[in-house]
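# Structural overview for review
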Amino acid sequence: MRRPHPAADRSPLVRGRVVYEEVCVQCHGRDGDGKGPLAEVLSIQPRDFRAGDFRFRSTVAPSLPTDEDLFTVISRGVPNSSMPAFA
């Protein structure tokens, strides 16, 4: 059963967690390890977020990507990969 979309008055952290659980966990896994239930059937494996290694960002390593960097990747997707765009 699908959860209702997070209410607008919830904190961004709570909304982000709900959206992650609805959309991202299937590939990236509950713990962000890149080993979700669909990961094994994808031609390009999902990113393991636990390592803190992000390919698309405006910051210099070892800094984490900005919120805008993450929004861009999520909304545009990654061409030639299994990461779709989520407008």
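See the structure printed just above.
This text gives an overview of the structure that appears in the document. (Residues numbered from 1 in each chain as written. Predicted model: local features only at pLDDT ≥ 70, side-chain atom pairs only at ≥ 80, totals over all residues. Heavy atoms only, no water.)

The full count for this structure, using the stated rule, is two salt bridges. For the salt bridge of Asp48 with Arg50, the shortest nitrogen-to-oxygen distance reads 3.0 Å. The class of Arg50 is exposed, set by a relative accessible area of 57%. (Salt bridge = Lys/Arg side-chain N within 4 Å of Asp/Glu carboxyl O. Buried < 20%, exposed > 50% of the residue type's maximum accessible area, 1.4 Å probe, protein only.)

Two aromatic rings are characterised by how far apart their centres lie and by the angle between their planes. Scanning all chains against the criterion turns up one aromatic pair. Relative to Phe54, the ring of Phe49 lies with its centre 5.9 Å away and its plane at 15°, an arrangement referred to as stacked. Taking the relative accessible area as the measure of exposure, Phe54 reaches 17% and is therefore buried. (Phe/Tyr/Trp six-rings, centres within 6.5 Å; stacked < 30°, edge-to-face > 60°.)

Bringing the side chain of His28 into the picture now. Inspection of the secondary structure puts His28 in helix 1 (residues 12-28). Using a relative accessible area of 12% as the deciding quantity, one classes His28 as buried. A polar contact of 3.1 Å, which involves the side chain of His28, links it to the backbone oxygen of Arg47. Excluding anything up to four places from it in sequence, His28 contacts Tyr20, Asp33, Gly34, Lys35, Gly36, Pro46, Arg47, Phe49 and Met83. (Helix = DSSP H or I, 4+ residues; strand = E, 2+ residues; numbered from the N terminus. Polar contact = N/O pair within 3.5 Å; in protein donor to acceptor, adjacent residues only side chain to side chain. Contact = heavy atoms within 4.5 Å.)

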